[in-house]
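# Structure at a glance
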Amino acid sequence: TPQHLIRNFSIVAHIDHGKSTLADRLIQLTGTVAERDMKAQLLDAMDIERERGITIKANTVRIDYPAKDGNTYVLNLIDTPGHVDFAYEVSRSMRAVEGSLLVVDASQGVEAQTLANVYTAIEADHEIVPVLNKVDLPAAEPERVAEQIEDVIGIDASNACLISAKTGIGIPDVLEAIVTRLPAPPEKDANAPLKAMLIDSWYDPYLGVVVLIRVMEGTIRKGDNIRMMRTGGKYGVDKLGVFRPQMQDVAELGPGEIGFFTGSIKQVRDTRVGDTITTEKKGAETPLPGFKPSIPVVFCGLFPVDANDFEDMRDAIEKLALNDASFTYEMETSAALGFGFRCGFLGLLHLEVIRDRLEREYDIDLITTAPSVIYHLYMKDGERRDLHNPADMPDLTYVDHVEEPRIKATIMVPDEYLGDVLKLCQDRRGIQLDLTYVGGRAMAVYDLPLNEVVFDFYDRLKSVTKGYASFDYQLEGYREDNLVKMQILVNDEPVDALSMMVHRDRAEMRGRAMCEKLKDLIPRHMFKIPIQAAIGGKVIARETLSAMRKDVTAKCYGGDATRKKKLLEKQKAGKKKMRQFGKVEIPQEAFISALKMD
Ligand code: GTP
C-alpha cells in the first residue's frame, strides 16, 4: 500500500464511553465483515479475548475505506488496553500509530482515564480527533463536553464529531475525519533494513505465538529469517498477514503497515512488547528507541489452601507465566502457610486476573497474602537492597533508611463527594498537588504512596463516592519515609503472612485495627488467645480472645435443633479453609478481611 493512503490510529476513551461499539460500527460500515457475520462487540468477542476473559491486550483490525476524494484508504485500528496496570503497553501501542480518536461520552464528560489515555496519545505526538458519543441520549450535552475537552485537555474540540455509536449517527463523518484529519505515516524507504515494532503477542493453540507488528522502515516478507533485537531470538516468518479482523495472509508488509507474523515461537515470554524486529541478514544496526520491559510493581504470596494442591499450582503458574512475561514468580515457604509462591504483578487488576484464573481455570483454592510493593532498603554498610516481601525485612539496626514508591493519582469526582475523597487521600498519607474544577466536577491530583493504594483504595474510593469517582495513576519514583515492619502474633506465634510494612505514625492505628479484626475473625478456642501487633520486639497493640466454655452450640442455641445443625455444618465447611498456627486455627477469610482497612 502506498504510504500516503495509510492511516493508523487508536481509540482512546474512558471505560464504557463506547470504544468497542464505535470500533464495531467502523468495521460494519466499511463492509469489512459481511452483515450476517457482524456480532456486537466484535473486537472483544475474538477468540483470544474470550480465552483471556478480559480486554487487556491490544487488538487490531485493517479496514478498507473508499473516501470521498476517490481514493481507497487502508485504515489500521489498534485497540489499546484501558487499564492503568497496562500503561506501558498502552504507550507502546500508541507509538505504533499516528493518530487517535478521543471518544467521550457526551452525557458523562471527561473522566480520569480519558485524561490518562489522551495524555499518552499526546506524548506519542498523535493528531487527535475528538468524538462525542451517545448523542442519542436525552442527557447528552455535546456543547458542554466539547468545552470541557478544550478546558481540561487543551485541544480544539470545535469540530468534534457528534455521533451515536449505538444508532450509527455520525459514523461516516468519523471515517472522513480519519483520512482528512489524521496524518499518513511518515514516508520511509521500503528497501531500508527492516525495523518493525513488536506491539503485542499472544498464544494461539494452532499457530503458536502470534506477533503483532508495525513496520517502521524496510519490508518484512513471508519466509524471511528475522531477529528480535532486544531478546536476540531468531525465527523464520512462517505466516505473514493482516487482521480483517479474521486473519488474511499477505506476501509482505512495508513501511507504515500493521500486521502479524508467526514463526514457531513457543512462548509469549520470548517476545517483548516494544522490541525491534529486523532481518537476520542485512538487518538494522540500532533498534527503535524507548524500549523498556514492563516490570512488576505489586507483589504478594499465593499459597494453596490445601497443601496437596501445591504441585498442581506449580504447573498452573508455569503455564500462566508462559503467556505473560510481566508476571513473575518464585517459590516461597511460609511458616504459617507452607509452600507457595511469591508473585509479581503490574498492578492490582493484573493480580486479580491471575488469581482468578488459578482459581477458576485450574480449580485451586488460594490464600493471598497482603499485596506489597518493592521497598528500597539502604543498609548501614552502604548496600542497597530491594525488599519484595515484608517478611524478609532485616533487623532495623542494620537499616539506615527505607524508600517507598510514590504515585501521582488523578481523581475526578462530583463536588458533593469531594470532602470524603480528600479525607481518604489524607488518611492514606497523600499530599495534594492540585485541585481544580472542570465542568462541575472536581479534579484532585495527589502524590500518594503506592503501598497505601494497593490494599483497598479502589474499593474505598468507590464506596465513598457511590461509584461516581474515576481514578488513574502513574508511578513517580521513590522517596524516603519512616517505614517499619509490623508483625502480628497470635498466641505469641508470629503469623508471617500478616507481616506488613507500615508508616511509623500509622502503625499503632493499623496494629490496633488489625488486632480487633482478628479477634472477631478467629473463632474461640478452649484457651485464651493473645493477639498482638509488634514492631521489632515492642508490642504496640493487643487484644485477647477469651476462651470458650465447652460446647458453644449447646450454649448459644439451646433447644433449637435445626439451627444447631446448621451451625455445625457451617463449622465443618469452614474447617477445610482453616490454617493451623501453633495451637490456633485461623480461617482463610481472616487473612483477606484482616488486610482490608475501614
Ligand atoms: P470497555 O470495552 O468496557 O472499555 O467499554 P467501551 O468504552 O468499549 O464501551 P462499549 O462500547 O462497551 O459501550 C459501553 C456501553 O455504552 C454499552 O452498553 C453500549 O451499548 C453503550 N453505548 C455505546 N455507544 C452508545 C451510544 O452511542 N448511545 C447509547 N445510548 N449507548 C451507547
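Procedures and definitions
- Residues numbered from 1 in each chain as written.
- Predicted model: local features only at pLDDT ≥ 70, side-chain atom pairs only at ≥ 80, totals over all residues.
- Heavy atoms only, no water.
- Helix = DSSP H or I, 4+ residues; strand = E, 2+ residues; numbered from the N terminus.
- Buried < 20%, exposed > 50% of the residue type's maximum accessible area, 1.4 Å probe, protein only.
- Contact = heavy atoms within 4.5 Å.
- Areas by Shrake-Rupley, 256 points an atom, 1.4 Å probe, with all protein chains shown as cover.
- Near = heavy atom within 4 Å.
- Polar contact = N/O pair within 3.5 Å; in protein donor to acceptor, adjacent residues only side chain to side chain.
- UniProt positions renumbered as here; feature names shortened; annotations may be inferred.
- Pairing = 2+ DSSP bridges.
- Axes fitted to C-alpha atoms, helices over the stretch in contact; angles between N-to-C directions.
- Parallel < 35°, antiparallel > 145°, perpendicular 65-115°, else oblique.
- Left-handed = near helix turned anticlockwise from the far one by under 90°.
- Nonpolar A, V, L, I, M, F, W, Y, C, P; charged D, E, K, R; others polar.
- Phe/Tyr/Trp six-rings, centres within 6.5 Å; stacked < 30°, edge-to-face > 60°.
- Expected span 1.5 Å × (residues − 1).
- Patch = residues over 30% accessible without salt bridge, like charges linked within 9 Å, V, L, I, M, F, W, Y side chains within 5 Å.
- Salt bridge = Lys/Arg side-chain N within 4 Å of Asp/Glu carboxyl O.
- Lys, Arg positive; Asp, Glu negative; His and termini not counted.
- Charge placed at Lys NZ, Arg CZ, Asp CG, Glu CD.
- Arc of directions from axis to C-beta.

Time to look at the overall build of the protein. Per the secondary structure count, the protein includes 16 helices and 33 strands. Each of the 598 residues in the protein was classed as buried or not, and the buried ones make up 55%. Pairs at least 24 apart in sequence give 68% of the contacts found in the protein among residues at least 6 apart. Entry remark: accessible area of the protein is about 26,600 Å², with carbon and sulfur atoms responsible for 48%.

Take the site of the ligand next. Lining the immediate surroundings of the ligand are 16 residues, of which Lys-19, Ser-20, Thr-21, Asp-136 and Ala-165 lie closest. His-17 has a polar backbone atom sitting 3.3 Å from an oxygen atom of the ligand. One nitrogen or oxygen atom from the main chain of Lys-19 is found 3.0 Å from an oxygen atom belonging to the ligand. If one sorts the elements of the shell around the ligand by residue count, helix H1 (residues 19-29) sits on top with three residues.

What UniProt calls "binding site: GTP" (unreviewed entry) maps, in this numbering, to Asp-16, His-17, Gly-18, Lys-19, Ser-20, Thr-21, Asn-133, Lys-134, Val-135 and Asp-136. Structurally, His-17 is set in the loop between strand E1 (6-13) and H1. His-17 sits in the buried class, given a relative accessible area of 3%. Turning to its location among the elements, Gly-18 is positioned in the loop between E1 and H1. Take Gly-18: its relative accessible area is 10%, and that puts it in the buried class.

Here the focus is the sheet that holds strand E13 (residues 247-249). Read across the open sheet, the eight strands follow the order E11-E10-E16-E7-E8-E15-E12-E13; overall the sheet is antiparallel. Sheet topology places strand E11 (234-236) and E13 at the edges, where each strand pairs with a single neighbour. On average, each strand axis in the sheet is inclined to that of its neighbour by 40°, with strand direction left out of account. With three bridges connecting them, strand E10 (residues 225-228) and E11 associate as antiparallel partners. Residue Asn-225 lies in a different strand from E11, and its bridge partner there is Gly-236.

Let's shift gears to the sheet that holds strand E19 (residues 338-345). The strand order E18-E19-E17-E20 describes an open sheet built from four strands, whose pairing is antiparallel. Only two strands of the sheet have a single neighbouring strand rather than two, namely strand E18 (328-334) and strand E20 (366-368). Adjacent strand axes in the sheet meet at a mean angle of 30° when their direction is disregarded. Inspection of the sheet shows strand E17 (residues 298-304) paired to E20 by three bridges, in the antiparallel sense. Bridge pairing in E20 links Leu-302 to Thr-368. With respect to the sheet, helix H8 (residues 310-322) is in contact with E17, E18, E19 and E20, its orientation differing from that of E19 by roughly 15°.

Another point: the pairing of E19. Judged by how many residues are buried, E19 sits mostly within the fold: six of eight residues are covered. Where E17 and E19 come together, five bridges link them in antiparallel fashion. Looking at E19, one finds that Cys-300 is bridged to Cys-343.

Let us look at the packing of helix H10 (residues 418-427) against helix H12 (residues 457-464). For the pair H10 and H12, the least separation of the axes is 9 Å and the interaxial angle reads 160°. As summarised for this structure, H10 and H12 are arranged roughly antiparallel, according to the angle between their axes. As H10 packs across H12, the resulting crossing turns out to be right-handed. Between H10, through Asp-420, Val-421, Leu-424 and Cys-425, and H12, the contact on the second element is made entirely by Phe-457, Arg-460, Leu-461 and Val-464. A per-class count over the contact of H10 with H12 returns six nonpolar, no polar and two charged.

Let's shift gears to the packing of aromatic side chains. In total, this model carries eight aromatic pairs according to the counting rule given. Taking 5.9 Å as the distance between ring centres and 40° as the angle between the ring planes, the aromatic pair formed by Trp-202 and Phe-243 counts as tilted. Of this pair, Trp-202 sits in strand E7 (residues 195-204) while Phe-243 sits in strand E12 (residues 239-243); the two residues are 41 residues apart in sequence, bridging distant segments of the chain. Judged by centre distance (5.3 Å) and plane angle (5°), the rings of Phe-310 and Phe-341 are stacked. Taken together, the positions of Phe-310 in helix H8 and Phe-341 in strand E19 put the pair 31 residues apart, joining distant regions of the chain. No difference in accessibility class separates Phe-310 from Phe-341, as the two residues are buried. Grouped by ring-pair contacts, the aromatic residues Phe-310, Phe-327, Tyr-329, Phe-339, Phe-341 and Phe-345 constitute a single cluster.

Quick look at helix H9 (residues 348-360) now. Taking 1.5 Å per residue as the helical rise, H9 with its 13 residues ought to reach 18 Å, and the 18 Å between its terminal C-alpha atoms agrees with that figure. Among the residues of H9, those classed as buried are Leu-348, His-350, Leu-351, Val-353, Ile-354, Arg-357 and Leu-358.

Bringing a negative patch on the surface into the picture now. A cluster of acidic residues, Glu-143, Glu-147, Glu-150, Asp-151 and Asp-156, forms a negative patch at the surface. Assignment of secondary structure puts Asp-156 in the loop between helix H6 (142-153) and strand E6 (161-162).

Before going further, it helps to examine the pattern of salt bridges. One pass over the structure, following the stated rule, counts 21 salt bridges. Among the ionic pairs, Arg-357 bridges to Glu-361, the shortest N-O distance being 2.9 Å. Arg-429 is paired through a salt bridge with Asp-481; the nearest N and O atoms lie 3.5 Å apart. Of the two residues, Arg-429 is situated in the loop between H10 and strand E24 (431-438) and Asp-481 in strand E26 (residues 470-481); the sequence distance between them amounts to 52 residues. Among the residues examined, Arg-429 registers a relative accessible area of 12% and is labelled buried. Three or more residues are tied together by salt bridges with common partners; here these are Glu-404, Arg-406, Arg-429, Asp-447, Glu-452, Arg-479 and Asp-481.

On to unusual backbone geometry, then. Pro-245 follows Arg-244 through a cis peptide bond whose omega is -15°. When you line up the elements, Pro-245 lands in the loop between E12 and E13. Phi is positive for Asp-363, close to 55°, though the residue is something other than glycine. Structurally, Asp-363 can be placed in the loop between H9 and E20.

Taken as a whole, H10 has its buried residues at Leu-418, Val-421, Leu-422, Leu-424 and Cys-425. Each buried residue of H10 lies within a common arc of 160° when the element is viewed along its axis, so the set occupies one face. Remark: Arg-429 follows H10 within two positions and exhibits a positive phi of approximately 65°.

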